[in-house]
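The residues making up each chain are set out below.
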Amino acid sequence: MERCRICESTALWCFLDLGSTPLANALVYPGSDDREARYPLELLRCEECGLVQLSVVVRPEILFRDYAYSTSASFPMVEHFDGLAAEIFQRTTVANPFVLEVGSNDGTLLRAVARRGARVLGIEPATALARAATAGGVESLNLFFGSDVARDLLTDRGPADIMVANNVLAHIDDLPGVIEGVATLLSERGIFVAEFPYVLDTLERVEYDTVYHEHLSYLALAPLERALARHELTVFDIERISTHGGSLRIWVARAGARQTSAAVTGLADREQRAVSGRGPFERFAREVANSRDALRAMMSGLRSEGARIAGYGATAKSTTLLTYCGLGADAIEFIADSTPAKQGRLTPGTRIPIVPEEAIVERRPDYALLLAWNYAERILERSTAYLRGGGRFIHPIPYARIIP
Ligand code: DWN
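Residue positions are counted from 1 within each chain, in the order its sequence is given. Predicted model: local features are reported for residues with pLDDT of at least 70 only, side-chain atom pairs are reported and counted for 80 or more only, and whole-chain, interface and lining totals are derived from all residues. Hydrogen atoms and water are omitted, and side-chain values are computed over all heavy atoms in the structure.

Q: Looking at this structure, how should I read the site of the ligand?
A: What surrounds the ligand is a group of 26 residues, the closest being Glu-214, Lys-317, Asp-337, Lys-342 and Arg-382. Under the rule applied, a polar contact is a pair of N or O atoms within 3.5 Å (in protein, one hydrogen donor and one hydrogen acceptor; residues adjacent in sequence only if both atoms are side-chain atoms). Contacts to the ligand include Tyr-67, whose side-chain N or O atom sits 3.3 Å from a nitrogen atom. Here the residues of the shell around the ligand are counted per class, giving ten nonpolar, ten polar and six charged. Nearness is judged by heavy atoms alone; a residue qualifies as near a molecule or strand once a single heavy atom is within 4 Å of it. Gly is placed with the polar residues, together with every amino acid not listed as nonpolar (Ala, Val, Leu, Ile, Met, Phe, Trp, Tyr, Cys and Pro) or charged (Asp, Glu, Lys and Arg).

Listed below in structure tokens is the structure:
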């Protein structure tokens with residue numbers, strides 16, 4: 001990156017270097033002896049608009065065409081998006097709205113919206129996901145969304161009453177182009193709603209493992225408002241939500257179409273205080289190193305006592321955490337995961353086998369490293385047999401601790 005993707009400033013300051021890591025979801029098929037490509041993983045802060053962003057961009061075709069993550073594999077996300085579908089209907093006055101989702105994955109949200117009486121269309125670059133969603137009744141076009149696609153869709157399908165982009169905006173290099181596409185396709189009184197991991201939570205909770213090559217930007221309200229304003233779009237409401245370690249949900253409309261809530265100005269003030277200057281980022285870099293050292297110390301201590309340790313959740317973030325902390329197949333026997341498309345494959349770089357969740361009870365490791373720590377509550381609820389048998393979890397973020 002030579003220039004900031006929002007304001008094009010060249011004043012980009014590197015405050016964190018996590019080394020070279022494989023692509024987070026580039027799961028390996030057993031027997032493959034191709035070495036996984038590794039790319040620099042560094043965080044930059046734009047000194048002009050404040051946007052936090054990676055120093056390199058990996059081409060989206062490489063990242064997303066064959067994509068292992070599916071929303072419906074995490075039941076808490078299914079419940080979460082059912083709640084969002086309900087809130088969308090509370091906020092729109094259109095009886096049978098046309099709802100378009102950018103990055104619709106396996107159609108989880110659009111299915112919940114369609115159930116409430118909406119016409120839906122998904123835009124999803126992962127070929128297998130778009131095909132599966134369409135087969136499941138949610139029409140999904142296998143495309144990358146942008147301003148050109150928006151113009152074609154306006155001609156072919158007409159304006160959208162509701163547009164959605166959940167855990168997508170951070171993944172897009174041409175963010176201004178996508179925002180232009182929203183401005184092109186959204187109806188005059190339409191609503192655009194987007195959710196993304198919130199940089200304040202990432203910094204304050206030391207969630208460094210959520211830094212990986214899919215996440216090009218670590219979004220905040222101020223830089224986004226700057227990009228939205230170019231197309232006369234404004235954030236009229238915001239919600240702090242708990243998904244993915246702490247996210248922000250923004251509600252956007254055309255300037256003047258809706259009254260701006262006090263929550264927006266309140267968050268803008270809090271954000272301005274929390275992330276101004278270099279201090280918060282220098283502190284974050286120190287805390288990341290401390291978090292790594294704490295986890296490494298705990299893992300080597302437990303292993304020196306002869307403990308067997310597995311992982312729980314073959315998450316994208318686990319690639320960053322395991323690689324940066326130097327934890328591989330010698331330290332972690334296997335990783336249990338509920339996603340059929342991940343089972344039977346190996347984690348990128350560390351090459352740890354991914355197996356169905358049942359392995360946790362069947363093979364009874366002494367500890368399970370919670371790589372899906374953002375679902376800790378639900379995973380512990382479902383692991384009573386493992387806990388009753390003496391199993392324990394290691395929660396790595398912000399600092400390693402054994403739970404319950
Ligand atoms: O931005 C992104 C977020 C939305 O999802 C993508 N770039 C990639 C992905 O990141 P992630 O893989 O870190 O997301 P999750 O939702 O934390 O992944 C959870 C993993 O844990 C999934 O592979 C499913 C698995 N899981 C499980 O095995 N048992 C999840 C739950 C809730 C469970 O009970």
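Q: What is the right way to look at helix 4 (residues 127-135) in this model?
A: Helical geometry: 3.6 residues make up each α-helical turn, so side chains three or four residues apart lie on a common side. Of all the residues in helix 4, the buried ones are Leu-129, Ala-130 and Ala-133. Burial along helix 4 is one-sided: seen end-on, the buried residues are contained in an arc of 100°. Opposite its buried face, helix 4 presents the exposed residues Ala-128, Arg-131 and Ala-135, each directed more than 90 degrees away. The contact definition used throughout considers only heavy atoms, calling two residues in contact when any of these lie within 4.5 Å. Secondary structure counts use DSSP, requiring at least four H or I residues in a row for a helix and at least two E residues in a row for a strand, with both numbered from the N terminus. Residues of helix 4 that are buried make contact with strand 6 (140-141). Following helix 4 by one or two positions, Gly-137 adopts a phi angle in the positive range, close to 100°. Exposed residues in this analysis have more than 50% of their type's maximum accessible area, buried residues have under 20%, and partly exposed residues fall in between, with area computed by a 1.4 Å probe over protein chains only. Read the arc as the range of directions from the helix axis to the C-beta atoms.

Q: Can you walk me through the pairing of strand 15 (residues 367-370) in this structure?
A: A regular strand places its side chains on the two faces of the sheet in alternate fashion. Burial along strand 15 is two-sided: the face carrying Tyr-367 and Leu-369 and the face carrying Ala-368 and Leu-370 are both buried. The criterion for strand pairing is that DSSP finds at least two bridges linking the strands in question. As defined by bridge partners, strand 15 adjoins strand 16 (residues 392-395) across three bridges and the pair is classed as parallel. The residue of strand 16 that forms the bridge with Tyr-367 is Arg-392.

Q: Can you help me understand unusual backbone geometry in this one?
A: Glycine aside, residues mostly have negative phi angles, and peptide bonds mostly take the trans form. Cis geometry marks the peptide bond from Ile-397 to Pro-398; its omega dihedral reads 0°. As for its position among the elements, Pro-398 is in the loop between strand 16 and strand 17 (401-403). Pro-404 follows Ile-403 through a cis peptide bond whose omega is -5°. Counting through the fold element by element, Pro-404 comes out in the segment after strand 17. In this structure, Asn-105 takes a positive phi of about 55° despite not being glycine. Its place among the elements puts Asn-105 in the loop between strand 4 (98-102) and helix 3 (108-115). The backbone of Val-206 sits at a positive phi, close to 55°, despite the residue not being glycine. Looking at the secondary structure, you find Val-206 in the loop between helix 7 (199-204) and strand 9 (217-218). On the accessibility criterion, Val-206 (3% relative accessible area) is buried.

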